[in-house]
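# Residue-level structural notes
Here's the letter readout for the chains.
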Amino acid sequence: TEPVNTLATVPELLEDTPESNQAPLAREVTVKVEQGDTLSAIFARLDLGHSLLMSMLEQDKNTRQFTNLKLDQELLFAFDAQGQLERISSKLSPLESIELNRNPDTGHYNFSKHTRETTHVETTARGTIDSSLFGATQAAGIPYNLALNMANVFAYDIDFARDLRTGDSFEVVYEQKMLDDQIVGTGNILAARFTNKGKTLTAVRYVDKSGQPSYYNSDGTSSRRAFIRTPVDFARISSKFNPGRKHPVLNKIRAHRGVDYAAPTGTPIKATGNGKIAFVGNKNGYGKTIIIQHGGKYRTLYAHMNGYAKGMRNGSTVSQGQVIGYVGKTGLATGPHLHYEFHVNGTHIDPLSHKLPTADPIPKSEMARFKQATQPYIAMLDQAKPTLLAKAEFSEE
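The paragraphs below set out a description of the structure included in this document. (Residues numbered from 1 in each chain as written. Predicted model: local features only at pLDDT ≥ 70, side-chain atom pairs only at ≥ 80, totals over all residues. Heavy atoms only, no water.)

Taken together, the buried positions of helix H3 (residues 50-59) are Leu-53, Met-56 and Leu-57. Looking straight down H3, one finds that the buried residues subtend no more than 95 degrees of arc, so they occupy a single side. For H3, the exposed residues lying more than 90 degrees away from the buried face are Ser-51 and Glu-58. Looking at the buried residues of H3, the elements they touch are helix H2 (39-45), strand S3 (85-91), strand S4 (96-102) and strand S5 (109-115). (Buried < 20%, exposed > 50% of the residue type's maximum accessible area, 1.4 Å probe, protein only. Helix = DSSP H or I, 4+ residues; strand = E, 2+ residues; numbered from the N terminus. Arc of directions from axis to C-beta. Contact = heavy atoms within 4.5 Å.)

Right, here's the structure in full:
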């Protein structure tokens, strides 16, 4: 059977009711967004006029959220008995909806956004790596964004691009967002444990007295380092630190004083530590480059970029994990990749093997509070049910 065009019924819905002595009733028309639809086109099909739409968009910049239409999104148009548009509303997700309501005094349309409150349920999951982190987390029912967050929690100690092994395992305690007894999303990771190459790492989330959340080892030492290991998520290392390497473009021996991460053009590049931008621009064979100064001792360099993130300029402050640019192949590069360097007191250091400095531990004055807050989550890790074990096929390159 041919699909029904929802918009084809609109003119009929807007017609007056059959002959009656009573005034016409108010009407509501639901429009489902179809391929290629724009808000302007929908207004035209409803005979609402371009000038009305332009007036709405000019009155409140938030109104433009109605122009970000998605396929199959539904918009509800409500009209009064005289055919005047009174309200437009749309449900963006189970949690969020937006509305435009006409003010009867001014005739203007006021924008509002509504967010439904959720409850958080503490949930555990466990998995074993047989193919990849995402293969195991998917089999365990863990959504992609939570798996990415777990990788970020352990990013200081595990290079997920090259360190995973068959039999590595994890347990995680996290928040599930519930609405009307339905799972509608995930919240924070509360605790996680990852066993990699026989070494077990544990991280717990703790919000200190100043309200600052961070992850710590179970003994209160920080699981956060001053630098994360890799500036590109799950990229393949295409060339390691090598003082005697032959340059692939120049075809002569030239020290390779960094690590190359092969990734598709446009892949986000993250600052590996907090600092200030000391250089941004083209730098000879490096192409588009950013250099970040981290205090007086450390510097990192990111080269061959396709472009820079918004706001990147000399003297700008950047935070660890902030996207600063995108993978490219500018300068002397044979293909899209990031060239990353790590300097200590002006000397090039292998970022894959250098022992990274750690952040501050829990203050002694907060240790009792820390243990009281986190020990229940450690217990939940221990009790994670083996029935949630996730398995997938594995093949090492």
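A few words now on the pairing of S3. By the bridge criterion, five bridges tie strand S2 (residues 74-79) to S3 in an arrangement that is antiparallel. In the strand pairing of S3, Phe-77 is matched with Ile-88. Pairing of S3 with S4, which is carried by five bridges, proceeds in the antiparallel orientation. Of the residues in S4, the one forming a bridge with Arg-87 is Asn-101. The hairpin turn running from S3 into S4, its antiparallel successor, is four residues long. (Pairing = 2+ DSSP bridges.)

Turning our eyes to something else, we now look at the pairing of strand S19 (residues 337-344). Along S19, eight of the eight residues are buried, which leaves the element largely enclosed by surrounding structure. Covered by surrounding structure in S19 are His-337, His-339, Glu-341 and His-343 together with Leu-338, Tyr-340, Phe-342 and Val-344, the residues of both alternating faces. Where strand S12 (residues 259-262) and S19 come together, four bridges link them in antiparallel fashion. If you follow Asp-260 over to S19, its bridge partner there is His-339. Bridge analysis of strand S16 (residues 298-308) against S19 gives six bridges, and the strand direction is antiparallel. Residue pairing for S19: Tyr-298 is matched across the bridge by Val-344. Two strands pair when backbone bridges link them, and S19 and strand S20 (residues 347-349) are joined in this way by three bridges, in the antiparallel orientation. For His-343, the partnering residue across the bridge sits in S20 and is His-348. Remark: two residues form the turn of the hairpin made by S19 and S20, two consecutive strands paired antiparallel; Asn-345 in that turn has positive phi of roughly 50 degrees.

The next point concerns the packing of aromatic side chains. Under the definition given, this model contains twelve aromatic pairs. Seen from their ring centres, Phe-134 and Tyr-144 are 4.8 Å apart, and the 20 degrees between their planes marks the pair as stacked. Note that Phe-134 is positioned in helix H4 (residues 133-139) and Tyr-144 in helix H5 (residues 144-153), a separation of ten residues in sequence. For Phe-134, a relative accessible area of 24% puts it in the partly exposed group. In this structure Tyr-144 comes out as exposed when scored by relative accessible area, which is 54%. When the centroid spacing of 5.4 Å and the interplanar angle of 45 degrees are considered together, the rings of Tyr-302 and Tyr-340 count as tilted. Placement of the pair is Tyr-302 in strand S16 and Tyr-340 in strand S19, with a sequence separation of 38 residues. (Phe/Tyr/Trp six-rings, centres within 6.5 Å; stacked < 30°, edge-to-face > 60°.)

Our next topic: the sheet that holds strand S1 (residues 27-32). With antiparallel pairing, five strands are arranged side by side in an open sheet as S1-S2-S3-S4-S5. The open sheet terminates on both sides in strands that have one partner only, identified here as S1 and S5. Between one strand axis and the next, the sheet turns by 15 degrees as a mean value, whatever way the strands run. (Axes fitted to C-alpha atoms, helices over the stretch in contact; angles between N-to-C directions.)

Quick look at the pattern of salt bridges now. Working definition: two side chains of opposite charge can pair if their charged atoms are close together. Inspection of every chain in the model, using the stated rule, returns ten salt bridges. Between Glu-28 and Arg-87 there is a salt bridge whose closest N-O contact spans 3.3 Å. Residue Glu-28 is found in strand S1, and its partner Arg-87 is found in strand S3; the two are separated by 59 residues along the sequence. Across the salt bridge formed by Asp-180 and Arg-116, the nearest N and O atoms sit 3.0 Å from each other. One end of the pair, Asp-180, is in the loop between strand S7 (169-179) and strand S8 (182-196); the other, Arg-116, is in the loop between S5 and strand S6 (119-128), and 64 residues separate them in sequence. What makes Asp-180 exposed here is its relative accessible area of 54%. For Arg-116, a relative accessible area of 43% corresponds to the partly exposed category. (Salt bridge = Lys/Arg side-chain N within 4 Å of Asp/Glu carboxyl O.)

Shape descriptors only; they carry no functional weight alone.
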